[in-house]
Amino acid sequence: MELKVIQGVMVKPDQNRASRTTEEYIILSLSGFTALVLFPFVVLRFFTQDWLLGILDFIGVFCALAVFVLVYTTHNTRVAGKILAAICCCVLIATIELKGSEQLSWCYPALTALFFLLLPRQALVLSLVVLAAIGLMILDEVTVVGALRFYLSAIATVLFSFVFAGRMRAQQLQLVHQASNDPLTGAGNRRALEQKLLDLMSLHRRHTDTVTSLIMFDIDRFKCINDRFGHATGDDILVGLIQVINQRIRTTDQVYRLGGEEFVVIAEQTPLKDAVLLAETLRTSVENDPVLSEYNVTVSVGTAQYAEEETAFEWLGRADKAMYRAKNEGRNSCCVA
Ligand SMILES: Nc1nc2c(ncn2[C@@H]2O[C@H](COP(=O)(O)OP(=O)(O)OP(=O)(O)O)[C@@H](O)[C@H]2O)c(=O)[nH]1
């Protein structure tokens, strides 16, 4: 593949950084909304000199705003989601403890919110714990029928939310997989490679002692293989090749399909000398694989360690040139940039 073709993998950091994930939008809206809803209550409590609840609501508003600022500035949703879930539960329990069963209706929005903030199972467990705690608190206050009505409706809300959140999460994971993986081989696609390179560029800027190598390889004379055995067999060979590669690389490393029959392995925390050994292992594994060898499948490989200050495009370009040297030197070999 010529350099102009891999130019498609261009890295646009600013454009990427500007976008926010769905999780960020959910937490920003929930924290902003919580602060907005609670704020009138803070004013009301202080106005009616209900100091304890006023302070409690004020803490709720303060924490919700802190979470909003945290996510807005750092894009970190994991910690923020947990903090916001904890605030939700604490404010809910404290309000019911102070004001009694008249505040029970706040359970429904608060427990539903947990499913937006945590993983479905975490939210389910926390909701049931909170409901059990509330049950103990209101034990003397409500009639058996009242308790039954509350519990049935609250548990139904929790279960509906759990099922809905579970479905949403499964669909989201499926979409993420489809958007970042090549449908034929299951390897990461160009979009995933571009994102990985973006992350690596940012990592190298922050930690200049980071060492990363890139291994690019291309099947030799794949056109002849296709012509001789058919396109369907060619497809099977691509799938088999990725299986062989996946068996040889670390579980933390990933192989990406750059296009056609050209692939890239990003070897993190791997200096050039180790990457060269890995490249040779990959080449011999393909050559000696019992299934691939039936079709005389071999690969030409180019390896390049990331050099400080270079762009992702320059890095890929060096590996690409090394790979073409391997092709020109007779194929089924490895060259280093
Ligand atoms: N079966 C199959 N073939 C593909 C796929 N993508 C690309 N190809 C084929 O890969 C072949 C690539 O051919 P070339 O770029 O000429 O390279 P080559 O024959 O491998 O020769 P060298 O790279 O010079 O060793 C073309 O025939 C493409 O049709 C695919 O998804 N499935």
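Residues numbered from 1 in each chain as written. Predicted model: local features only at pLDDT ≥ 70, side-chain atom pairs only at ≥ 80, totals over all residues. Heavy atoms only, no water.

### Topic: the site of the ligand
To keep things clear, this is the line we draw: If even one non-hydrogen atom of a residue comes within 4 Å of a molecule or strand, that residue is called near it. Here a polar contact is recorded for every N or O atom pair within 3.5 Å, except that within protein the pair must consist of a potential hydrogen donor and a potential acceptor, and residues adjacent in sequence are included only if both atoms are side-chain atoms. Method for areas: the Shrake-Rupley scheme with a 1.4 Å probe, in which residue coverage is limited to the protein chains shown. Only DSSP runs of H or I with at least four residues qualify as helices, and only runs of E with at least two residues qualify as strands; both kinds are numbered from the N terminus onward.
Around the ligand there are 17 residues in total, and R221, F222, N226, D235 and R257 lie nearest to it. Contact distances for the ligand include 3.1 Å between an oxygen atom and a side-chain N or O atom of D218. Measuring from an oxygen atom of the ligand, one finds a backbone N or O atom of I219 at 3.2 Å. Relative to its unbound accessible surface of 660 Å², the ligand loses 68% to contact with the protein. At the level of elements, strand 1 (212-219), helix 10 (222-229) and helix 11 (231-248) are the ones that each hand at least two residues to the shell around the ligand.

### Focus: the sheet that holds strand 5 (residues 334-336)
Filter applied, for reference: DSSP-based pairing: two strands are paired if at least 2 bridges between them are found. Helix axes use the C-alpha atoms of the stretch in contact, all axes being lines fitted to C-alpha atoms, and the angles between their N-to-C directions lie in the range 0 to 180 degrees.
A sheet is described by the order of its strands in space; here 5 strands give the open sequence 2-3-1-4-5, paired in mixed fashion. Only two strands of the sheet have a single neighbouring strand rather than two, namely strand 2 (254-259) and strand 5. When strand polarity is set aside, the average angle formed by the axes of neighbouring strands in this sheet is 20°. Where strand 1 and strand 3 (residues 262-268) come together, 7 bridges link them in antiparallel fashion.

### A few points about the nonpolar core
The test is simple: What is meant by a nonpolar core is a set of buried Ala, Val, Leu, Ile, Met, Phe, Trp, Tyr and Cys residues, joined one to another through side-chain atoms within 4.5 Å. Exposure classes here rest on a 1.4 Å probe applied to the protein chains alone. A residue is buried below 20% of its type maximum, exposed above 50%, and partly exposed in between. By definition, residues are in contact when any of their heavy atoms lie within 4.5 Å.
Core analysis: the largest hydrophobic core is formed by 38 residues, its most contacted members being L84, C107, I134 and F150. Residues contacting I134, with those up to four places away along its chain left out, are L92, I96, L104, C107, F150 and Y151. In this structure, F222, I242, V286 and V299 belong to the second largest nonpolar core, which totals 25 residues.

### So, the UniProt feature "transmembrane region" (unreviewed entry) in the protein chain
Condition: UniProt positions are given in the numbering used here, feature names are shortened, and annotations may be inferred rather than shown by experiment.
In this structure's numbering, the residues bearing the UniProt feature "transmembrane region" (unreviewed entry) are residues 25-44, 51-73, 79-98, 110-138 and 144-165. What you have in residues 144-165 is 100% helix and 0% strand, and the ends, taken at the C-alpha atoms, are 31 Å apart.

### Looking at the layout of surface pockets
We apply this condition: Throughout, the protein atoms alone are placed on a 1 Å grid, and a set of points is a cavity if a 1.4 Å probe fits but cannot get out or a pocket if it is open with protein on both sides within 12 Å along at least five of seven lines; lining residues have an atom within 4 Å of a point. Grid points are joined across faces, edges and corners, and a volume is the space filled by probe spheres set on the points. Lys, Arg, Asp and Glu make up the charged group, whereas Ala, Val, Leu, Ile, Met, Phe, Trp, Tyr, Cys and Pro make up the nonpolar group; the residues left over, Gly among them, are polar.
Estimated volume of the second largest pocket: approximately 770 Å³. Forming the walls of the second largest pocket are 21 residues, and the residues nearest its centre are E23, F116, L118, R169 and Q172. Listing elements by their share of the lining of the second largest pocket, those giving two or more residues are helix 3 (22-47), helix 5 (78-99), helix 6 (107-117), helix 7 (120-137) and helix 8 (144-180). Here the lining of the second largest pocket takes 6 residues from helix 8, the largest share from any one element. A class-by-class count of the residues in the lining of the second largest pocket yields 11 nonpolar, 6 polar and 4 charged.

### What about the UniProt feature "domain: GGDEF" (unreviewed entry) in the protein chain?
When the UniProt feature table is mapped onto this chain, "domain: GGDEF" (unreviewed entry) is found at residues 210-337. In this annotation, residues 210-337 is assigned 47% helix and 24% strand; the end-to-end C-alpha distance for the span is 18 Å.

### Here's the deal with the domain arrangement of the protein chain
Applicable threshold: Either an automatic procedure or a domain database provided the assignment from which the domain bounds are taken.
Looking at the protein chain, the domain boundaries give domain 1 (20-179) and domain 2 (190-336). Computed from C-alpha coordinates alone, the two centres of domain 1 and domain 2 are separated by 47 Å.

### Some details on a nonpolar patch on the surface
What counts, and what does not: Surface patches are defined over residues having more than 30% relative accessible area and no salt bridge, joining like charges when they lie within 9 Å and nonpolar side chains (Val, Leu, Ile, Met, Phe, Trp, Tyr) when within 5 Å. Should a side-chain nitrogen of Lys or Arg be within 4 Å of a carboxyl oxygen of Asp or Glu, the pair is scored as a salt bridge.
Together, W51, I55, F58, I59 and F62 line one region of the surface with nonpolar side chains, adding up to about 550 Å² of accessible area. Assignment of secondary structure puts I59 in helix 4 (residues 51-74).

### A few points about unusual backbone geometry
Excluding glycine, residues mostly carry a negative phi; peptide bonds, for their part, are mostly trans. You will see that N296, though not glycine, has its phi angle at about 55°, which is positive. Inspection of the secondary structure assignment puts N296 in the loop between helix 12 (272-288) and strand 4 (299-305). Of the residues examined, N296 reaches a relative accessible area of 57% and is grouped as exposed. Residues other than glycine seldom take positive phi values, yet E309 does so here, at roughly 80°. Within the element layout of this structure, E309 appears in the loop between strand 4 and helix 13 (312-328).

### Observations concerning the packing of helix 5 against helix 7
Formally: Oblique is the label for every angle not falling under 35 degrees (roughly parallel), over 145 degrees (roughly antiparallel), or within 65 to 115 degrees (roughly perpendicular). Crossing handedness is defined as follows: a turn of the near helix away from the far one that is anticlockwise and smaller than a right angle gives a left-handed crossing, while the clockwise case is right-handed.
For the pair helix 5 and helix 7, the least separation of the axes is 10 Å and the interaxial angle reads 15°. Overall, the two elements helix 5 and helix 7 adopt an arrangement that is roughly parallel. The hand of the helix 5/helix 7 crossing is right-handed. On helix 7, the residues that touch K82, C89, L92, I93, I96 and E97 of helix 5 are Q122, L126, V130, A133, I134 and M137. The class makeup of the residues in the contact of helix 5 with helix 7 is 9 nonpolar, 1 polar and 2 charged.

### With respect to the state of the cysteines
Worth spelling out the cut-off: When two cysteine sulfur atoms are found within 2.5 Å, that pair is recorded as a disulfide.
Throughout the structure, instances matching the rule amount to 0 disulfides. C63 forms no disulfide, and the closest cysteine sulfur to it belongs to C90, at a distance of 8.8 Å. Here C90 stays unpaired: no disulfide links it, and the sulfur of C89, its closest cysteine neighbor, is 6.8 Å away. Take C90: its relative accessible area is 51%, and that puts it in the exposed class.

### Side note on helix 4
Condition: One less than the number of residues in a helix, times 1.5 Å, gives the span that helix is expected to have.
Taking 1.5 Å as the rise per residue, helix 4 with 24 residues should run 34 Å; its terminal C-alpha atoms sit 34 Å apart, in good agreement. Within the sequence span of helix 4, burial applies to L53, G54, L56, D57, G60, V61, A64, V67 and V71. Count one or two residues on from helix 4 and you reach H75, which has phi positive near 65°.

### Focus on the packing of aromatic side chains
The condition is simple: Only the six-membered ring of Trp is used, alongside the rings of Phe and Tyr, when aromatic pairs are assigned; centres must lie within 6.5 Å, and planes under 30 degrees apart are stacked while those over 60 apart are edge-to-face, with the rest tilted. Only when the NZ atom of a Lys or the CZ atom of an Arg is both within 6 Å of the ring centre and within 35 degrees of the ring normal do we say a charge sits over the ring.
The full count for this structure, using the stated rule, is 8 aromatic pairs. For the ring pair F46 and W51, a centre distance of 5.7 Å and an interplane angle of 40° mean the geometry is tilted. W51 gets classed as partly exposed once you look at its relative accessible area, which sits at 48%. Among the aromatic residues, those joined into a cluster by ring pairs are Y108, F150 and Y151. One Lys or Arg, R20, reaches over the ring of Y72 and ends 4.5 Å from the middle of that ring.

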